[in-house]
Amino acid sequence: MDTLTFAASGIRHQASGKNHNRRLNFALHILAIAIPVMATVQPAVADTIAATATYTIYHTSNHETCDNLQGAYYTYSTPADTLASHQASFPRYCHQGGILKWTQVASNFVLTSNTSLTFTVDVARTAYTAAVHDTGIVKTWAVFWTCPSGYTGPDASHMCTLACPPHASGTPCACDAGYVFDAAGTSCVAEQYTVALQNPLADVEPSGTANVYAATSRDVYAQVIDQQTSLPQVGAQVKFSVDVIAGTGGHDHHDALRPKGKLLDCRDNTTEVESTVCITQLDGKATVTFKAPEVSGTHTINAECISPACTNPASGDINVKVDGLESIPISPFYNMQLPNRDTNHPKAHFLMEAPQKKLETIAILYMLKTLYMRKQSAPPDITLNDASLEWGGVLDCFLTCNSDQYPSTPWHKHHIEHRRGSVVDIKANGSTGSIAHEKDFRTAAKKMGIALGVPHGSGSGRHYHLRLNNRGE
Amino acid sequence: MKTKLSILIGLLLASYASVIFAYPGESIVQDANGDYLITYWNGAKMKQTKFVPATKIEPTVISALKLADVWLITYRYTIDNGVNAKQPITQIMIGGISNIYRSQPLVPFSSVTDMNSALSAFQSSQAPMVQPNLWNGLALPDPENNSLVQSSWDFSTEMHPHEIRIGIPHGSYQQGFGYDSFDLPGIGAAKLEGDTPIQQGYEDEGPSSTDSEIVSQLNQIESNDFVARNAAIPAIAIPDPFDPAATLERIQEHMHTWIAKQLIEPAFAAQLDSHFKTAADVYRKQGPAGNGQIGRMLALLVQQYEGLEKGDEESVKKKSAVPAQIDKLAALVLYFDLKYVMRRMGGGN
Ligand SMILES: [Zn+2]
Ligand SMILES: [Zn+2]
């Protein structure tokens, strides 16, 4: 029996030229942007094999010559190729040495599983009735399953799964942290957030008076919104910080030591800090408590997103001020030391309305009672010095009231009170314009219900410190 | 029974006789003269100053009431200063007055714009007042309640620098303080002050911390820088048109405020309550017949005090045989108020 040995060479495996540019269908994402949808699954595509092979048959039969093979035919088949018998004749050619070489160009085979191609060679020379049949399995091909672009796989079932776009993972696909599906729902884009500060920020009173007559702290919130969805963003980290604007609150001086408002650390809501990171709640709002300093003035509160990042930081102004202060009007019944000698605080003659009325009545009572009495100076002999700054708070006066006995520095409460527009100083130093009849002045003040203590200051600084609300504030 | 509003204040002051510590080293000590030595931290140094209170007086206020023509009531006061007083009394303030009679309209100080209007306001506040020579009387809105009136009199030592007698010196009295009112008397407080010297005061701004303990103590001392005494003051408005039952109910209501002030025994107040109710009922149903019930109430007062009919606290004496169930001034005021109703209903004399 002849033995035919087939040796295959030049077998090419390649992906077929079929169109792989399948349009990935993410249409569902358009409808439900926020919710990643199930990725499409589709079958993998098998290799198409262009089976071009050259086979060499080594004729080993002793009694056959090359010529004998002329006219012989062969068949080949594959398991999937049920037609099986593709017959072909050997070319009428015989290589010297008894070796027949033959090239078979077969049709492309689409293979659906690992398979083999079996050639059966029938050597049936016409001249010889006794046919010689040699068969043999000559090659097994591995089938390569491939998925379309944008799909992953195939899996064991030869199925392809729609691949997640960049910055996404999981099944179904979910965008990675910090990413959201774009409007088409086909890719993940970096999330965009905006942060906005509560607006307007209501005023708050300066702190520091022994009794709190009005709020000296205030909650301030910043809201983080997802720009893609316009929905509030929960769990965002917002960093708040605070600063004070120079030249505000009636202080025409500034330095780095100026007291500024504090924030309560969001971690314990107790510790006073200059900046703190707070977390947004379900409504997208992160809330921080602003605590007013003793010095009035406009403060700027800044809010910026730490995580995720926001497009822009937000800021807003909060006025630390005592509301309702009015400039003391000019009156025939008292003088005012104008302009104020302390150029750092050119306007320090502000009072609330009710205390101002009380002051004026005291001045009238005093003037009418003492009008015809001998005076050291022409009436009026009530001269108002400092009252309150236009926004109240600590009234410092280091330019004009510093002394060895009582050193005064910027922002320091040299005037301990004078913070809420109910306290005014009245000159009582014996100089022109100071109170000539102190007892009558005291009597008038007491008639108006003012609890008068002893004067303040010595020498040229001696004055009555009139608490028109009878309380230290 | 003799209760003074000053008891509360007295207790308050007594507590300052001991040393109060606040900031380390801060204290308020009352010395043998009754002056307060204030040691305080000014923020840089410890300092000391003295505050001379206006409470070194021993005042007695004697109220006198009189029903004049057209149901106008004159309120007059005599002020006595005890022999141990260290200061002459130079200011008397009586607040909480329901109304006083003004023969000319009130010009409020809030309407003042210039010197002329100020003079008008000042004069309209002086006009209703009766005062002794050298004293200045003023009727102003009560600073604690602007709908009420505060009457005050002060003696200006600066206006009268050469007077030998300043105010009401210790061991003397002064008559002639007063005003008139259509309102019936109740009991209110007179605040009296002694003459204090011009004081140097703090050589700085005083205690440096507004929340210091001595600051709140000082506030107490300064806002209570007077001695309080009870006085008969206009407190009960008369219904217009006159209605005896409604008037009685107002008197009764005012009387109830005396229980807390310990001016009347609760049991006696309860006894009077039943008379008040009966009298009001009879007035409503039978008009002047209610006077009989008032007469029984007057008799209960007369059992305890003599001289009530004179309307002058000076003339009222407790009857020794009977324990008093009502303060002397309260008895005088209640007697006056009940008699007034009786007279308006054609009774009494
Ligand atoms: Zn300043
Ligand atoms: Zn002052």
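Residues numbered from 1 in each chain as written. Chains lettered and ligands numbered in written order. Predicted model: local features only at pLDDT ≥ 70, side-chain atom pairs only at ≥ 80, totals over all residues. Heavy atoms only, no water.

Asks: Even after reading the chapter, I still don't get the overall build of chain A, so can you show me in this structure?
Replies: For chain A, the helix and strand inventory stands at four helices and 33 strands. The 473 residues of chain A split such that 49% are buried. Considering only residue pairs separated by 6 or more positions, chain A has 69% of its internal contacts joining residues 24 or more positions apart. As displayed, chain A has an accessible area near 21900 Å², and 51% of this comes from carbon and sulfur atoms. (Helix = DSSP H or I, 4+ residues; strand = E, 2+ residues; numbered from the N terminus. Buried < 20%, exposed > 50% of the residue type's maximum accessible area, 1.4 Å probe, protein only. Contact = heavy atoms within 4.5 Å. Areas by Shrake-Rupley, 256 points an atom, 1.4 Å probe, with all protein chains shown as cover.)

Asks: I'm lost on a nonpolar patch on the surface in this one. Help?
Replies: A cluster of nonpolar side chains, contributed by Val 70, Trp 71, Tyr 101 and Phe 182 of chain B, occupies part of the molecular surface with about 370 Å² of accessible area. Here Tyr 101 of chain B is to be found in the loop between β6 (89-97) and α2 (115-126). (Patch = residues over 30% accessible without salt bridge, like charges linked within 9 Å, V, L, I, M, F, W, Y side chains within 5 Å. Salt bridge = Lys/Arg side-chain N within 4 Å of Asp/Glu carboxyl O.)

Asks: How should the packing of helix α4 (residues 244-260) of chain B against helix α7 (residues 328-344) of chain B be read in this particular structure?
Replies: For any two helices packed against each other, one specifies the inter-axial angle together with the distance between the axes. Residue and element names in this part refer to chain B. One can describe the packing of α4 onto α7 by two numbers: an axis separation of 10 Å at closest approach and a directional angle of 175 degrees. Viewed along their axes, α4 and α7 adopt a mutual orientation that is roughly antiparallel. For the pair formed by α4 and α7, the contact residues are Pro 244, Thr 247, Leu 248, Ile 251, Met 255 and Trp 258 on the first element and Ala 330, Val 333, Leu 334, Asp 337, Leu 338 and Val 341 on the second. For the contact of α4 with α7, the per-class residue count stands at ten nonpolar, one polar and one charged. (Axes fitted to C-alpha atoms, helices over the stretch in contact; angles between N-to-C directions. Parallel < 35°, antiparallel > 145°, perpendicular 65-115°, else oblique. Nonpolar A, V, L, I, M, F, W, Y, C, P; charged D, E, K, R; others polar.)

Asks: What is the right way to look at the interface of chain B and chain A in this model?
Replies: It is common to give the size of an interface as the accessible area lost on bringing the parts into contact. In this assembly, 53 residues from chain B lie in contact with 45 residues from chain A. With both sides pooled, the region where chain B packs onto chain A buries about 4100 Å², and carbon together with sulfur makes up 58% of that total. Taken together, the connections running from chain B to chain A amount to five salt bridges. Put simply, Asp 154 of chain B and Lys 369 of chain A hold a salt bridge, and the shortest N to O gap is 2.2 Å. Listing elements by their share of the side of chain B that touches chain A, those giving two or more residues are β3 (46-51), β6, α2, β7 (135-142), β8 (145-155) and α3 (213-223) of chain B. Split by residue class, the side of chain B that touches chain A holds 20 nonpolar, 19 polar and 14 charged. (Buried area = accessible area lost by both parts, 1.4 Å probe.)

Asks: Before we go on, may I ask you to explain the pattern of salt bridges in this structure?
Replies: Pairs can form between side chains of opposite charge whenever their charged atoms are close. A full pass over the atoms with the stated rule returns 28 salt bridges over all chains. Notably, a salt bridge pairs Asp 265 of chain A with Arg 267 of chain A, separated by 2.8 Å at the nearest N-O pair. Across the salt bridge formed by Lys 446 of chain A and Glu 193 of chain B, the nearest N and O atoms sit 3.3 Å from each other. With Lys 446 of chain A in helix α4 (residues 438-447) and Glu 193 of chain B in strand β10 (residues 184-194), the pair connects residues from two separate chains. Residue Lys 446 of chain A shares its accessibility class with Glu 193 of chain B, and that shared class is buried. What you see here is one network of salt bridges that share partners, running through Glu 205, Arg 420, Arg 471 and Glu 473 of chain A.

Asks: I tried to follow the packing of aromatic side chains on my own but got confused; where do I start?
Replies: Both the distance between ring centres and the angle between the ring planes are used here to describe each pair of aromatic rings. If you walk through the whole model with that rule in mind, you get 14 aromatic pairs over all chains. Measuring from ring centre to ring centre gives 5.3 Å for Phe 441 of chain A and Tyr 464 of chain A, while their planes differ by 55 degrees; the resulting arrangement is tilted. Of the two residues, Phe 441 of chain A is situated in helix α4 and Tyr 464 of chain A in strand β33 (residues 463-467); the sequence distance between them amounts to 23 residues. Relative accessible area serves as the criterion here: at 1%, Tyr 464 of chain A is assigned to the buried category. Relative to Tyr 179 of chain B, the ring of Tyr 75 of chain B lies with its centre 5.6 Å away and its plane at 20 degrees, an arrangement referred to as stacked. One end of the pair, Tyr 75 of chain B, is in strand β5 (residues 73-81); the other, Tyr 179 of chain B, is in strand β9 (residues 172-181), with 104 residues separating them in the sequence. You can call Tyr 75 of chain B buried: its relative accessible area is 0%. Grouped by ring-pair contacts, the aromatic residues Tyr 75, Tyr 77, Trp 135, Trp 153, Phe 155, Phe 177 and Tyr 179 of chain B constitute a single cluster. Positioned above the aromatic ring of Tyr 221 of chain A is the side chain of Lys 285 of chain A, whose terminal nitrogen or guanidinium carbon lies 4.2 Å from the ring centre. (Phe/Tyr/Trp six-rings, centres within 6.5 Å; stacked < 30°, edge-to-face > 60°. Lys NZ or Arg CZ within 6 Å of the ring centre and 35° of its normal.)

Asks: Please explain the state of the cysteines as it appears in this structure.
Replies: One way to say it: the disulfide is the covalent bond shared by the sulfur atoms of two cysteines. Residue and element names in this part refer to chain A. Enumeration according to the criterion identifies six disulfides over all chains in this entry. Cys 164 shares a disulfide with Cys 173; S-S distance 2.0 Å. Measuring the twist about the S-S bond at about -105 degrees, one finds the Cys 164-Cys 173 disulfide to be left-handed. You can call Cys 164 partly exposed: its relative accessible area is 25%. With relative accessibility at 5%, the residue Cys 173 sits in the buried group. (Disulfide = S-S within 2.5 Å.)

Asks: Could you clarify how one ought to interpret the coordination of the zinc ion (ligand 1) in this entry?
Replies: Geometrically, a metal with four donors at the corners of a regular tetrahedron has ideal angles of 109.5 degrees, and one with six donors at the corners of a regular octahedron has ideal angles of 90 or 180 degrees. Residue and element names in this part refer to chain A. Protein coordination of the zinc ion (ligand 1) is provided by His 251 (ND1), His 253 (NE2), His 345 (NE2), Asp 396 (OD) and Asp 396 (OD), with donor distances spanning 1.9 to 2.7 Å. Expressed as a motif, the donor residue spacing for the zinc ion (ligand 1) is H-x1-H-x91-H-x50-D. Taken together, the positions of His 253 in the loop between β21 (237-244) and β22 (262-264) and Asp 396 in the loop between β31 (383-384) and α3 (398-401) put the pair 143 residues apart, joining distant regions of the chain. Take His 253: its relative accessible area is 10%, and that puts it in the buried class. (Donors = N, O, S within 2.8 Å, 3.2 Å for Na, K, Ca; no water.)

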